[in-house]
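Breakdown of the fold
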Amino acid sequence: MTDMDIAMKHRSEVAVSVELQTADMTLNIGPQHPSTHGVLRLIAKVDGERITSIEPVIGYMHRGYEKLSEVRTYAQITTLVNRIDWVAGFASEVPYIVAVEKLMGVEPPERAQWIRLILSELARIASHLVFMSSYPLELGAITPLFHALRDRERVLELIEGVTGGRFHPNFNRVGGVKPNAGGGKQTRNVSMDIPAGWFAETRETMEKVLSVCDDIDTLVVGNELFRARTVGVGIIPAAKAKEYGLSGPNLRASGVPFDLRKEEPHLPYPEVEFDVISTNTGDSNDRYRVRLAEIRESAKIVLQAVDKIPSGPLVAKVPRVIKVPKGQAYVRGENPKGEFGYYIISEGGQKPYRMKIRSTSFSNLSILPWILKDQLVPDLVAILGSLDFVLGDVDR
Amino acid sequence: MTVAELNLTTGYFWLDTVIKVAIALGFMMTLALPVIYAELKVMAHMQNRVGPYYAGGRFGWAQPIADGLKFLQKEDLVPRDADAAVYKAAPAVVVMATFAVFIVIPLGPQVVVRDMDIGIFYLLAISSIGVLGVLMAGWSSANKYSLIGGLRAAGQLIAYELPLILAALAVVIQAGTMSLVGIVEAQGEPLFTIGSVPISLPYLLTGQIVSFVIFVIAMVAELSRIPFDMPFAESELTMGYVTEYSGIRFAMFFLGEYASLIALSLVVATLFLGGYWIPVIPDDWLNLIGPMVVMGKASLVIFFVLWIRSTFPRLREDQLQTMAWHWLIPLALVNLLVISFVKVVV
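Let us now look at the overall build of chain A. Tallying secondary structure elements over chain A gives 17 helices and eight strands in all. Taking all 396 residues of chain A together, 49% fall into the buried category. Here the contacts in chain A between residues at least 6 apart in sequence split such that 72% fall between residues at least 24 apart.

Take a look at the structure:
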């Protein structure tokens, strides 16, 4: 065969393959779409059912919290920050308030710290239970939703019992938590904080949460079709997870046992026993199982904390008008969805000069173009859902 | 005068046919309502919910009617870019295909619109026309989700048509007839006697268990219900090929879906569970008792389908195709071989 022949053959093959090539379809998923959890927009180029490229478009829910914080006093900002990740409102308050306390050099009293710990863990349970219910729903299983949300409601009632709010507790104060009975000098000295019988109710609820975890274990994790849909789908290797700045359960599912509750605890986490859950594969199934195990761990922490909580004042002595001295602080905490941080720059005065919010879902979503490339459209939903994001947390 | 001697016809063929078709149509329409209600209630109780409660005063019995009326009131939207004629015709095609199935299903020895000699063949052929309506809806909606949903549906329905037909064929071989009345009668024939009591068993218990399983799986897939609801897949395609439909046309798709659930459940009851035949009751009375018997059997199948829906997530498109082509069809062929072998030898 001469060079000419080869060239001709090559050309004819090229001609054939060009002729058979069909244009990719651009599928615009969102901003209004059932599986985008709100207003995420994905511009997907699909070849049949296969995604050739994907471009996430965010910002439909931008509420300008970083800018708003610059014109709010430190006490007012707590109202904003619990609206960032509304599924776990309390958990996103804590790093902010700790950052302010750090700048002011205030140490909150022990009891306040323990209350923060308990409520953070309750928020984690609530957030993960939402995931337990919404993820199977995205795969088409309807029933787990009702089981998980029933017990999430119990947890929210606990949070409401202490803070007065189901979603937006707004319970943290600089130097402690909100004294909600009587007020004045009395509450600073005596614990008139937690409603009577609340601890007993918490113990009961944790038992129920643990039992719903067993239900989910058999109903969802043990389900053959659920395994078929999730095992080996959307594998994120540990190196990639670190590269894209993933954190929280998404990172731990990839085999990196990194948990800020162990690494940089600013609440009395060292005094309770719990395990950092991590799995090796990093597929959607692992991300689901990690969160399920974390609910159990959180329930364990709450049960221990309820026994260990000391009595004492709720708020440290802080000035009536909170003025933060000049300086900067970055505090990050383990939000249910991962690392959640606040970088506050203070020029002195009642308002921050600038506050940068390192929100979890924003970083967790940055992996989308990589992970969704060459996947099938049904797997898009399976992978997207398994990352467990909240759009308010992405856009801030 | 016995029941069998009752003359249920007027003597005029066309008048008879029109009356029978009208009754079958009314039957399909009215039967869909209790099934929708059953779905609402059964699933609710499986999921820690109460389900409809207020409509109609007690137990929310009027909920399906209220839903239907709501659909009637809604505007019938046609997207600007849609192929209006095809778009409007599609729901009718789907409902027609489903309705045509009811023509041959026997509710009693004589309670059938038309007992054809090729009943089961007609039934399987006519129900395939529904695919056409689905494709029409998907293509004409001028919506990418609809298009993907329509194509998924077409792929799925074609893939699961084969195991469905092969499973039905195994029954036809055992019964030696394609007439649905004939198949029921074949199941009613006594196999043996205990003392002086003749015992006859439905095909489910006399060697058709594999066909039954294949038929029910393929049936759920044909109905595009969870775990085979890829054509709809709310979380991916919003609502698949019915995304753009609203008002009465959406209600027609909805009705068609439930009507075909009833139709195929009746077919399962007829082919595998003995149809209208029931022990002890004398044959004379089957025209009266039969409809209740066969619907009772069908409702068991319907319950099973609802049960599956509240238990499983949906399969992926490729897993679904693999299941049909790699597992169900070979299994159905082997099953067919075994049944034929037994039929010839025994």
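Moving on from the coordinates now.
When helices and strands are tallied, chain B shows 12 helices and two strands. Against the 2.2 N^0.38 benchmark of 20 Å for 346 residues, chain B shows a C-alpha radius of gyration of 21 Å, consistent with a compact globule. Judged by the C-alpha coordinates and their principal axes, chain B covers about 70 × 50 × 45 Å. Counting every position in chain B, which comprises 346 residues, the buried fraction comes to 47%.

Attention now moves to helix H4 (residues 119-127) of chain B. Residue and element names in this part refer to chain B. Listed in full, the buried residues belonging to H4 are Gly-119, Ile-120, Leu-123 and Ser-127. Buried residues of H4, viewed axially, fall in a sector of 95°; they line one side. Next to the buried residues of H4 lie helix H3 (84-102), helix H5 (129-140), helix H6 (144-175), helix H7 (180-188) and helix H10 (247-272).

Take the environment of Ala-123 of chain A next. Residues and elements named next belong to chain A. With respect to the secondary-structure elements, Ala-123 resides in helix H5 (residues 110-138). When the C-alpha positions of Ala-123 and Gly-176 are compared, they lie 18 Å apart, and in sequence the two are 53 residues distant. Not counting chain neighbours up to four residues away, the residues in contact with Ala-123 comprise Ala-88, Gly-89, Phe-90, Ala-91, Ile-159 and Pro-336.

What follows deals with the interface of chain A and chain B. The partner chain B presents 22 residues to the 26 residues of chain A that form the contact. Every element with two or more residues in the side of chain A that touches chain B is listed here: strand S1 (25-29), H5, helix H6 (143-163), helix H9 (224-230) and helix H16 (377-386) of chain A. Split into classes, the residues belonging to the side of chain A that touches chain B amount to 15 nonpolar, six polar and five charged.

This part takes up the pairing of strand S3 (residues 50-57) of chain A. With seven bridges joining them, strand S2 (residues 41-47) of chain A and S3 of chain A adopt antiparallel strand pairing. Directly across from Lys-45 of chain A, in S3 of chain A, lies its bridge partner Ser-53 of chain A.

As a further point, take the nonpolar core. Across soluble globular proteins, nonpolar side chains have a tendency to be buried as a group. By size, the foremost hydrophobic cluster in this structure holds 102 residues, and its most contacted members are Ile-105, Phe-215, Ala-218 and Val-268 of chain B. When neighbours within four sequence positions are excluded, Ala-218 of chain B is seen to be in contact with Tyr-160, Pro-163, Leu-164, Ala-167 and Leu-328 of chain B. Core analysis: the next-biggest nonpolar cluster, separate from the first, contains 97 residues, Tyr-96, Leu-103, Ala-148 and Val-174 of chain A among them.

Once that is clear, we can look at the sheet that holds S2 of chain A. All names here are of chain A. Strand order in this open sheet of three strands is S1-S2-S3, and the pairing throughout is antiparallel. Each edge of the sheet is formed by a strand with only one pairing partner; in this case those strands are S1 and S3. Between one strand axis and the next, the sheet turns through 20° on average, direction left out of account.

The topology assignment puts Asn-172 of chain A in strand S4 (residues 172-173). The class of Asn-172 of chain A is buried, set by 27 C-beta atoms lying within 10 Å.

Attention now goes to unusual backbone geometry. All names here are of chain B. Even without being a glycine, Asn-48 presents a positive backbone phi close to 65°. Within the secondary structure, Asn-48 is located in the loop between helix H1 (13-46) and helix H2 (63-73). Since 12 C-beta atoms lie within 10 Å of it, Asn-48 is described here as exposed.

Here the focus is the packing of H1 of chain B against H2 of chain B. All names here are of chain B. Interaxial distance between H1 and H2 falls to 8 Å at its minimum, and their mutual angle equals 110°. Our classification of the angle between H1 and H2 gives roughly perpendicular. Both H1 and H2 take part in a crossing whose hand is right-handed. Taken together, the residues of H2 that come into contact with H1 (itself represented by Leu-33, Ile-36, Tyr-37 and Leu-40) are Gln-63, Pro-64 and Ile-65. Its residues assigned to classes, the contact of H1 with H2 comprises six nonpolar, one polar and no charged.

Moving on, we come to the packing of H6 of chain A against helix H8 (residues 198-221) of chain A. Residue and element names in this part refer to chain A. H8 packs onto H6 with a crossing angle of 165° between their chain directions and a minimal axis gap of 10 Å. In terms of orientation, H6 and H8 fall into the roughly antiparallel class. Considering the relative orientation of H6 and H8, their crossing is left-handed. Every residue of H8 that contacts H6 at Thr-143, Pro-144, His-147, Ala-148, Asp-151, Arg-154, Val-155, Leu-158, Gly-161 and Val-162 is listed here: Trp-198, Glu-201, Thr-202, Thr-205, Lys-208, Val-209, Val-212, Asp-215, Ile-216, Leu-219 and Val-220. Here the residues of the contact of H6 with H8 sort into 11 nonpolar, five polar and five charged.

Bringing the confidence of the model for chain B into the picture now. All names here are of chain B. For chain B, the average pLDDT comes to 83, and 97% of its residues sit at 70 or higher. At the level of individual helices and strands, chain B shows its lowest average pLDDT in helix H9 (residues 234-237), which scores 70, and its highest in helix H8 (residues 209-222), which scores 89. In the predicted assembly, ipTM is 0.77 and pTM is 0.82.

In this section: the sheet that holds strand S8 (residues 354-358) of chain A. All names here are of chain A. Reading across from one edge, S6-S7-S8 is the order of the three strands in this open sheet, with antiparallel pairing throughout. Both edges of this open sheet fall to strand S6 (327-335) and S8, since each of them pairs with a single strand only. Across the sheet, the mean angle from the axis of one strand to that of its neighbour is 10°, orientation sign disregarded. Direction of pairing for S6 relative to strand S7 (residues 338-346): antiparallel, over a ladder of nine bridges. From the neighbouring strand, Ala-329 faces S7, where its bridge partner is Ile-344. Strand contacts of helix H4 (residues 89-104): S6 and S7, with the helix running at about 150° to S6, the strand carrying the most contacts.

Thresholds applied
- Residues numbered from 1 in each chain as written.
- Chains lettered and ligands numbered in written order.
- Predicted model: local features only at pLDDT ≥ 70, side-chain atom pairs only at ≥ 80, totals over all residues.
- Helix = DSSP H or I, 4+ residues; strand = E, 2+ residues; numbered from the N terminus.
- Buried ≥ 20, exposed ≤ 12 C-beta atoms within 10 Å, placed from the backbone.
- Contact = placed C-beta atoms within 7 Å.
- Rg over C-alpha atoms; globule rule 2.2 N^0.38 Å.
- Arc of directions from axis to C-beta.
- Nonpolar A, V, L, I, M, F, W, Y, C, P; charged D, E, K, R; others polar.
- Pairing = 2+ DSSP bridges.
- Core = buried A, V, L, I, M, F, W, Y, C linked by C-beta atoms within 7 Å.
- Axes fitted to C-alpha atoms, helices over the stretch in contact; angles between N-to-C directions.
- Parallel < 35°, antiparallel > 145°, perpendicular 65-115°, else oblique.
- Left-handed = near helix turned anticlockwise from the far one by under 90°.
- pLDDT = per-residue confidence, 0-100.

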